[in-house]
Amino acid sequence: MFKIIQKRKIWISISLALMTLSVVAIAAWGLKFGIDFTGGSLLEVSFASGQPSVVEVQDAVKNLGLNSLSVQPTTNSFILRFQETSEDAHQKVVTGLKTLATSKSSTLEELTFTSIGPSIGQEMQRKALTSIILVLLAISLYISYAFRKVSRPVSSWDYGFVTLFALFHDALITVGFMAVLGKFFGVDVNISSITAVLTVIGFSVHDTIVVFDRIRENLPKSTQDFEGTVNVSVNQTLTRSINTSMTVMLVLACIVIFGGPSIKYFALTLLVGIFFGTYSSIFLASPLMVVWEKFNNRRNK
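Participant: It is not clear to me how the overall build of the chain should be interpreted in this structure. Could you clarify?
Facilitator: When helices and strands are counted, the chain shows 9 helices and 4 strands. Along the chain direction, N to C, the helices and strands of the chain fall in the order α-α-β-α-β-β-α-β-α-α-α-α-α. Taken over the C-alpha trace, the chain has a radius of gyration of 24 Å; the compact-globule value for 301 residues is 19 Å, which it surpasses by more than 25%. Expressed along its principal axes, the backbone C-alpha trace of the chain runs to roughly 80 × 35 × 30 Å. Expressed as a percentage of the 301 residues in the chain, the buried residues total 46%. Expressed as a percentage of contacts within the chain between residues at least 6 apart in sequence, the contacts between residues at least 24 apart total 79%.

Participant: What's the story with the packing of aromatic side chains in this structure? I'm lost.
Facilitator: Inspection of the entire model under this criterion finds 12 aromatic pairs. An angle of 85° between the planes, with centres 5.2 Å apart, marks the rings of tryptophan 29 and phenylalanine 184 as edge-to-face. Linking tryptophan 29 in helix H1 (residues 8–29) with phenylalanine 184 in helix H6 (residues 156–185), this pair joins segments that are 155 residues apart in sequence. Tryptophan 29 gets classed as partly exposed once you look at its relative accessible area, which sits at 40%.

Participant: Honestly, the nonpolar core in this entry has me stumped. Any pointers?
Facilitator: As a rule of thumb, soluble globular proteins bury nonpolar side chains together. With 40 residues, the main nonpolar core has Tyr159, Ile201 and Phe212 as its most contacted residues. Mapped onto this core, the elements with two or more residues apiece are H1, helix H5 (118–146), H6, helix H7 (191–218), helix H8 (226–258) and helix H9 (261–300). With 8 residues, H9 is the largest single contributor of residues to this core. Counting residues in hydrophobic clusters, the runner-up holds 16 residues, among them Phe78, Val93, Val94 and Ala101.

Participant: Would you mind going over the sheet that holds strand E1 (residues 40–47) with me for this structure?
Facilitator: In a beta sheet, neighbouring strands are held together by backbone hydrogen bonds and run either parallel or antiparallel to one another. One open sheet accounts for 4 strands, arranged E2-E3-E1-E4; its pairing is antiparallel. The open sheet has two edge strands, strand E2 (70–73) and strand E4 (108–116), and neither has a second partner. In this sheet, neighbouring strand axes are inclined to one another by 15° on average, regardless of whether the strands run parallel or antiparallel. Where helix H3 (residues 54–61) meets the sheet, its contacts fall on E2 and strand E3 (78–82), and the angle it forms with E2 comes to roughly 145°.

Participant: Even after reading the chapter, I still don't get unusual backbone geometry, so can you show me in this structure?
Facilitator: Both trends apply: most residues other than glycine have a negative phi, and most peptide bonds are in trans. Within the chain, serine 68 stands out as a residue other than glycine whose phi angle is a positive 55°. Mapping serine 68 onto the fold places it in the loop between H3 and E2. A relative accessible area of 55% means that serine 68 is categorised as exposed. One non-glycine residue, serine 105, lies in positive phi territory at about 55°.

Participant: I tried to follow H6 on my own but got confused; where do I start?
Facilitator: Residues spaced three or four apart along an α-helix point in a common direction, a consequence of the helix completing one turn every 3.6 residues. With 30 residues, H6 extends 43 Å between its outermost C-alpha atoms, agreeing within 8% with the 44 Å of an ideal straight helix rising 1.5 Å per residue. Taking burial as the measure, the 30 residues of H6 include 21 buried ones, the bulk of the element.

Participant: Is there a simple way to think about the pairing of E2 in this case?
Facilitator: Looking along a regular strand, one sees the side chains alternate between the two faces of the sheet. As paired elements, E2 and E3 share 4 bridges and run antiparallel to each other. Bridging across to E3, proline 73 finds its partner in phenylalanine 78. Hairpin connection of E2 to E3: 4 residues between the antiparallel strands.

About the criteria used
Residues numbered from 1 in each chain as written. Predicted model: local features only at pLDDT ≥ 70, side-chain atom pairs only at ≥ 80, totals over all residues. Heavy atoms only, no water. Helix = DSSP H or I, 4+ residues; strand = E, 2+ residues; numbered from the N terminus. Rg over C-alpha atoms; globule rule 2.2 N^0.38 Å. Buried < 20%, exposed > 50% of the residue type's maximum accessible area, 1.4 Å probe, protein only. Contact = heavy atoms within 4.5 Å. Phe/Tyr/Trp six-rings, centres within 6.5 Å; stacked < 30°, edge-to-face > 60°. Core = buried A, V, L, I, M, F, W, Y, C linked by side-chain atoms within 4.5 Å. Pairing = 2+ DSSP bridges. Axes fitted to C-alpha atoms, helices over the stretch in contact; angles between N-to-C directions. Expected span 1.5 Å × (residues − 1).

The values reported here are purely geometric and, on their own, carry no functional implication.
Printed below as a string of structure tokens:
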């Protein structure tokens, strides 16, 4: 049997170090918000034949004075993002791309065009942050309610508080990773990024509940102290937690390796988030329960 809880100082120190690095990354580099949150336009086009290069597409519209222009190739199309939202800018871009298509004896097809104003983008930022905070609070309150019949040696509110901290740990590391992607790979934070954070939170809390539920089952019949009971419970669920997470991470790894540019960074963010979510369920949440229990014992003496 692994002495996971007995080595809790190591695991908690690793988590605190990762959280600190995430805060530093966010503070130093910030998040590279996409047009979902800053406002702007997204245009997706395809060429019937003679697929141009990214440089050729950029050259076709470089004289239009577009701000924050980015060109992202997909399997059969190009996605252009730029700050301007007027219909006039939209038509000028399409005209420039049609000229490029003609020079390559091809035709241009406009697949989608989306325009978001700055005020709507700021509102989306607020709603995204609010949704994450509300999810964290709702889950912690639910855990407190679900474990309401557990009163010794820690209360149901302690389970809820520890869950809240573990989920905050997962969300913070995931957002910190987004800051790294934005700095070094130019990856935007958009609606799908928020979806990734919420997915990581949901997956992580599932694992945490499994471990906590086993602790609740073992407490009445255990002859060990709380630390020993928690360690036994974590070991009993260890294989299940790792196997479940590995199956998901293998699928995400395949998407990262073989998927297109439009989805691979989303899958990579999920992969990193789920990895650390699994880590927190095993090596952070349960050890924190023991730390909290020992703190309460010293305080009550």
